[in-house]
Amino acid sequence: MFPNYMRLAEQKIVGALIKKALGLGYLVSVYDGEEWSLKKSGDYEKITAEIAATDSTEFVFRKAEDGSKVGWLMLVHGNDEDVICDHTDNQLMNELVEGVDA
């Protein structure tokens, strides 16, 4: 579950992003700006619990089947609908973020 201080608009967007990633068979690592608080997880609740510990959160997505890196994504908290700040520009990451930031 997301921290209670995280904005609702951001929870909706980030929740949809994580669900989509897990549905595509990706594992998620969470970097809170100081450390990797979670590595290669497929657990939605554990992932969302680690988000927004600082003013930005970074994700690395990997394919569960072989561990290959899909890409990186950065969230900047407090930006509401623009919470997704940047990501790796490749086909898989573009498909992942498509439609979740609207």
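Going by the structure above, here's the rest.
Quick caveat: nothing in here was measured; it's all calculated off a predicted structure.

Novice: Help me out: how do you make sense of the pattern of salt bridges in this one?
Specialist: Pairing of side chains with opposite charge becomes possible as their charged atoms draw close. The full count for this structure, using the stated rule, is one salt bridge. For the salt bridge of R7 with D80, the shortest nitrogen-to-oxygen distance reads 3.0 Å. With a gap of 73 residues between them, R7 in the segment before α1 (8–23) and D80 in the loop between β4 (69–76) and β5 (84–87) connect regions that are remote in the sequence. Here R7 falls in the partly exposed class, since its relative accessible area comes to 40%.

Novice: Help me out: how do you make sense of unusual backbone geometry in this one?
Specialist: If a residue is not glycine, its phi is most likely negative; likewise, a peptide bond is most likely trans. For K40, which is not a glycine, the phi torsion comes out positive at approximately 45°. By the secondary structure assignment, K40 is in strand β2 (residues 36–41). Positive phi, close to 75°, is recorded for A52, a residue that is not glycine. Mapped onto the secondary structure, A52 falls in the loop between α2 (44–49) and β3 (56–63).

Novice: Help me understand the side chain of H77, please; the structure alone is not making it clear to me.
Specialist: Structurally, H77 can be placed in the loop between β4 and β5. In this structure H77 comes out as buried when scored by relative accessible area, which is 16%.

Novice: Which parts of the structure should I look at to understand α1?
Specialist: Along an α-helix, a turn takes 3.6 residues, which lines up residues three or four apart on a common side. Over its 16 residues, α1 extends 22 Å from the first C-alpha to the last, a length consistent with the 22 Å expected when each residue adds 1.5 Å. Regarding α1, the residues found buried are E10, I13, V14, G15, L17, I18 and A21. A positive phi of about 85° marks G25, the residue just after α1.

Calculation criteria
- Residues numbered from 1 in each chain as written.
- Predicted model: local features only at pLDDT ≥ 70, side-chain atom pairs only at ≥ 80, totals over all residues.
- Heavy atoms only, no water.
- Salt bridge = Lys/Arg side-chain N within 4 Å of Asp/Glu carboxyl O.
- Helix = DSSP H or I, 4+ residues; strand = E, 2+ residues; numbered from the N terminus.
- Buried < 20%, exposed > 50% of the residue type's maximum accessible area, 1.4 Å probe, protein only.
- Expected span 1.5 Å × (residues − 1).

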